[in-house]
Amino acid sequence: MLKTFSAAAVLLGASLAAAAQPAFVSYDSAAKTFRLDGGGASYVFGVNSRGELQQLYWGGRLGATDTFPQAAPLPEWASFDSSYNNTPQEYAGWGAGLFAEPALKVTFADGNRDLVLHYASHTVKANGFDVVLKDVKRKVAVTLHYSVDPESGILARWATIENGEALPVTVEQAAAAAWALPPAHYTLNYLTGRWAGEWTLNQEAVRQGARVIESRRGSTGHQANPWFAIAAGEPEEEQGEVWFGALAWSGSWRITVEQDQLDHVRVTGGFNPFDFGYVLHPGQTLETPVFYGGYSANGMGGASRLLHHFELAHVLPRTAATEGQPLPRPRPVIYNSWEATEFAVTEAGQMELAEKAAALGIDRFVMDDGWFGQRKDDHAGLGDWYVNKEKFPNGLKPLIDKVHALGMDFGLWVEPEMVNPNSDLYRKHPEWVLNFPLRPRTEQRNQMILNLARPDVRAYVLGFLDKLLTENDIAFLKWDYNRNWSEPGWDQLAPAEQKKVYVEFTRNLYAILAELRHRHPKVEIESCSGGGGRVDLGILRYTDEVWPSDNTDPFDRLTMQDGFTYAYTPQVMMAWVTDSPHWLNKRTTTLTYRMLSSMQGSLGIGANISKWSAEEAATVKRLIAAYHEVQPTIVEGDLYRLISPQDGSEFSATQTVRADKGQSVVFAFIHSTQEKRGFPRLKLKGLDPAAQYTISPIEGKALAGSPAVASGAWWMNHGLEMDADFRGDFQAAAFRLDRK
Ligand code: DGJ
């Protein structure tokens, strides 16, 4: 399931390619140290004199001949903090007086809860190690997996826990990995939010104690995202050291960033231990999610560029068309019917929208909620995945044929894990939902959650989706998920086993997605959860794009998109242009402002295009065509956040540069200018200083203050000068630079 990284050349941003050196994985048997190198980073750990696995170094790439002596445990601190507690272990068992966050906590059948893991053996792999740890007394073994990406230096770490005892062992807490940093002044960056307000970047000093970022919701959640970045000192966009990580798990998760009593920093992440309990019977194993971690010497911008390239090259799935290619293809420009019609979809109405969409140059037409069962609003229908005969008397085929005849492919909305009590499925199988017997069943949006951990539910969900994709020529599924868990019981299992639901639900979700992709290799999938409630590197192994937020207000989106790109590539960031005034903020913006805001990511149109004037349609058609020309640069290039929109900034700007530096795209936005202030001169980044670049507007003011052609050095040192009258409220401009 997990991809390990091959040294095969992967097309990276030129800035990365320059830094790339051959992968280097080595074990020093005399000093018992393990070293992984990739890109501009090195990671070193070793077996200390007691036998624990101790982290030694994580940072800028070391010289090839540099070595470390054997790891020495940190001393105890008086009689209150033992050496075991103070030593930064790679994977510490809870035992022997550990007060820091444990990587693993178990209870044995006899009540013993002490676990001390010592090195036992290891295997060297092409780009990493498997290191086996064993408890000092009992037959519990943990294999720590390490794999380094030679280009970016990003590590994948995860663990497999095995019960070799004759009786069951309950795992109460299991991390994928723990990362450590030496004492210093650091700033923690993390992303939080809520429905319609995802992707807020938080920045705070790391202090003694713990900052917990988590979801207890059964899925990733809008409220916090499993990503962190720790900057040395104050975070800067283009300079300074940054250590970052992302957890690949779409169930309940937890990342704990703690600074201990001696100021060492540890970041531990994996399954959320809240309400967790996974019984391992003799011989059974539990595999944790993967925790990716990386290092950049080039600030927050450098960190996110590494992550973006890594996600494109190593995380995102390939379709039949892109199998074996270095990168997945840029996303088709979609039209989605939701904001135009909500549940009131009909064959005639969708066909009319499809005609309008095709005339705009749209690639993919997506019909949203409302097409199935007795779905008229959100009170009924979820679970009954047959086509509603009143709305589509002849099934989906006439609409799909029409969409194809118009030159687009067809996508469909589903919400497979949910059921309305008012559905045939619930009437037949009330036992299929997450519930505790004889307790109330909480509904949200009038729906409950099917227990996907159950084999029969898993078979049902896979079965109906497979049938839908087999019987209809569908290129794309928008996979929605519109509530979080409550009453997470699984009464098929013995009481002690029921908490396995936190693992098995998500595993089955992944298994269904993987099987669907296998059976229907042309199909692409979007992860949506009422907006950005399920965005993480776990789901992104099986889905091609995500819906970042139900909030499509183009101004709000600027800050959300800014936050989003710290962790995720613009390729997966779907952004629709919708109607104005916007339903959420009642804000009025121009069509070009809305278009340019959405063009920062993967463009879509979600407005009621039946109501657009010929002039509006012409504007959008022109901009979609212009977007298509530069889309690979925008979504695969190196992203530079030139001026942040955060904190009510008057201005904001981004720039992307294609890997070969042959093309660059600049977006500039004005919130509200004051006191006749003009847009600041924009010093561009990442260009070839010696090359000549022609600048041309994609949209917006002509650049009277800038030459038509100048060197990369000019654009980066002198900078791009906007017209003096580029002022006002909610203004936008976009430019492209092409190497001559
Ligand atoms: C929530 C999604 O985020 C929306 O885009 C839309 O698909 C609705 N669900 C449909 O119910």
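Residues numbered from 1 in each chain as written. Predicted model: local features only at pLDDT ≥ 70, side-chain atom pairs only at ≥ 80, totals over all residues. Heavy atoms only, no water.

## Things to note about the site of the ligand
Phase 1 of the analysis: Taken together, 14 residues sit near the ligand, with Asp368, Asp369, Lys478, Asp480 and Asp550 positioned nearest.
Phase 2 of the analysis: In this structure, Asn482 approaches the ligand through a side-chain N or O atom, which is 3.5 Å from a nitrogen atom.
Phase 3 of the analysis: Here an oxygen atom of the ligand sits 2.3 Å away from a polar atom, N or O, in the side chain of Asp550.
Phase 4 of the analysis: Summarising the interface, the protein chains cover 98% of the accessible area of the ligand, which totals 290 Å² for the free molecule. (Near = heavy atom within 4 Å. Polar contact = N/O pair within 3.5 Å; in protein donor to acceptor, adjacent residues only side chain to side chain. Areas by Shrake-Rupley, 256 points an atom, 1.4 Å probe, with all protein chains shown as cover.)

## Things to note about the nonpolar core
For soluble globular proteins, the rule of thumb is that nonpolar side chains tend to be buried together.
Phase 1 of the analysis: Within the largest apolar cluster, 187 residues are counted, with the highest numbers of intra-cluster contacts made by Tyr91, Leu104, Ile161, Val171, Trp227, Trp371 and Ile605.
Phase 2 of the analysis: A per-element tally of this core places helix H9 (residues 501-519) first, with nine residues.
Phase 3 of the analysis: Filtering out sequence-adjacent residues up to four positions away, Trp227 remains in contact with Asn189, Tyr190, Leu191, Leu201, Ile213, Gly245, Ala246, Ile255, Met300, Leu307, Tyr566 and Ala567.
Phase 4 of the analysis: In this structure, Tyr640, Val666, Phe726 and Ala733 belong to the second largest nonpolar core, which totals 24 residues. (Core = buried A, V, L, I, M, F, W, Y, C linked by side-chain atoms within 4.5 Å. Buried < 20%, exposed > 50% of the residue type's maximum accessible area, 1.4 Å probe, protein only. Helix = DSSP H or I, 4+ residues; strand = E, 2+ residues; numbered from the N terminus. Contact = heavy atoms within 4.5 Å.)

## What about the packing of helix H11 (residues 591-598) against helix H12 (residues 614-636)?
Axis angle and axis distance: for two packed helices, these are the angle between their axes and the distance between the axes, and together they describe the pair.
Phase 1 of the analysis: At a minimum axis separation of 10 Å, H11 and H12 run at an interaxial angle of 25°. Taken together, the axes of H11 and H12 are roughly parallel relative to one another. Where H11 crosses over H12, the handedness of that crossing is right-handed. Contact residues: H11 offers Leu591, Thr592 and Met595, while H12 offers Glu616, Thr619, Val620, Leu623 and Ile624.
Phase 2 of the analysis: Along the lines of polarity and charge, the residues of the contact of H11 with H12 split into five nonpolar, two polar and one charged. (Axes fitted to C-alpha atoms, helices over the stretch in contact; angles between N-to-C directions. Parallel < 35°, antiparallel > 145°, perpendicular 65-115°, else oblique. Left-handed = near helix turned anticlockwise from the far one by under 90°. Nonpolar A, V, L, I, M, F, W, Y, C, P; charged D, E, K, R; others polar.)

## Overview of helix H6 (residues 397-405)
Phase 1 of the analysis: All buried positions along H6 are accounted for by Leu399, Ile400 and Val403. On an axial view of H6, the arc spanned by its buried residues comes to 95°, and they lie on one face. Exposed residues lying more than 90 degrees from the buried face of H6 are Lys397 and Ala405.
Phase 2 of the analysis: Taken from the residues just after H6, Gly407 is the one with a positive phi, measuring 90°. (Arc of directions from axis to C-beta.)

## Digging into the pattern of salt bridges
Two side chains of opposite charge can pair, provided their charged atoms sit close to one another.
Phase 1 of the analysis: Evaluation of the coordinates by the stated rule reveals 42 salt bridges.
Phase 2 of the analysis: Residue Glu172 is joined to Lys105 by a salt bridge in which the shortest nitrogen-to-oxygen separation is 2.9 Å. Linking Glu172 in strand S10 (residues 169-181) with Lys105 in strand S5 (residues 104-108), this pair joins segments that are 67 residues apart in sequence.
Phase 3 of the analysis: The closest approach of N and O atoms between Arg677 and Glu675, which form a salt bridge, is 3.2 Å.
Phase 4 of the analysis: Shared partners join several salt bridges into a network, and the residues in it are Arg329, Arg331, Arg364, Asp409, Glu524 and Glu545. (Salt bridge = Lys/Arg side-chain N within 4 Å of Asp/Glu carboxyl O.)

## Quick look at the packing of aromatic side chains
Phase 1 of the analysis: According to the stated counting rule, one finds 45 aromatic pairs in the structure shown.
Phase 2 of the analysis: Judged by centre distance (5.9 Å) and plane angle (80°), the rings of Trp179 and Phe291 are edge-to-face. Remark: Phe291 occurs in strand S20 (residues 290-296) and Trp179 occurs in strand S10; sequence separation between them is 112 residues.
Phase 3 of the analysis: Given a relative accessible area of 0%, Phe291 falls into the buried group.
Phase 4 of the analysis: Residue placement shows Arg157 over the ring face of Trp179; its charged tip is 4.8 Å from the ring centre.
Phase 5 of the analysis: Just above the ring of Tyr481 sits the side chain of Arg534; from NZ or CZ to the centre is 4.1 Å. (Phe/Tyr/Trp six-rings, centres within 6.5 Å; stacked < 30°, edge-to-face > 60°. Lys NZ or Arg CZ within 6 Å of the ring centre and 35° of its normal.)

## Observations concerning the sheet that holds strand S35 (residues 709-711)
Phase 1 of the analysis: In spatial order, the strands read S31-S32-S33-S36-S34-S35; together these six strands make up an open sheet with antiparallel pairing. Two strands close off the open sheet at either side, each with one partner strand: strand S31 (638-643) and S35. Along the sheet, successive strands turn relative to each other by an average axial angle of 25°, direction set aside.
Phase 2 of the analysis: Inspection of the sheet shows strand S34 (residues 692-699) paired to strand S36 (residues 729-739) by six bridges, in the antiparallel sense. If you follow Glu699 over to S36, its bridge partner there is Ala734.
Phase 3 of the analysis: Sitting on the sheet, H11 touches strand S33 (663-672), S34 and S36, and the angle it makes with S36 is about 50°. (Pairing = 2+ DSSP bridges.)

## Looking at the domain arrangement of the protein
Phase 1 of the analysis: Domain boundaries assigned for the protein yield domain 1 (22-315), domain 2 (334-418 + 472-483 + 514-637) and domain 3 (642-739).
Phase 2 of the analysis: Taken together, the contacts link 30 residues of domain 1 with 34 residues of domain 2.
Phase 3 of the analysis: Taken over both partners, the interface formed by domain 1 and domain 2 buries close to 2600 Å², and the fraction arising from carbon and sulfur atoms is 59%.
Phase 4 of the analysis: Where domain 1 packs against domain 2, one counts 18 residue pairs in polar contact (both at pLDDT 80 or more).
Phase 5 of the analysis: When contributions to the side of domain 1 that touches domain 2 are tallied by element, the ones reaching two or more residues are strand S14 (224-232), strand S15 (242-248), S20 and helix H3 (299-315).
Phase 6 of the analysis: The element that contributes the greatest number of residues to the side of domain 1 that touches domain 2 is H3, accounting for eight residues.
Phase 7 of the analysis: Of the residues that constitute the side of domain 1 that touches domain 2, the class distribution is 17 nonpolar, 10 polar and three charged. (Domains from an automatic or database assignment. Buried area = accessible area lost by both parts, 1.4 Å probe.)

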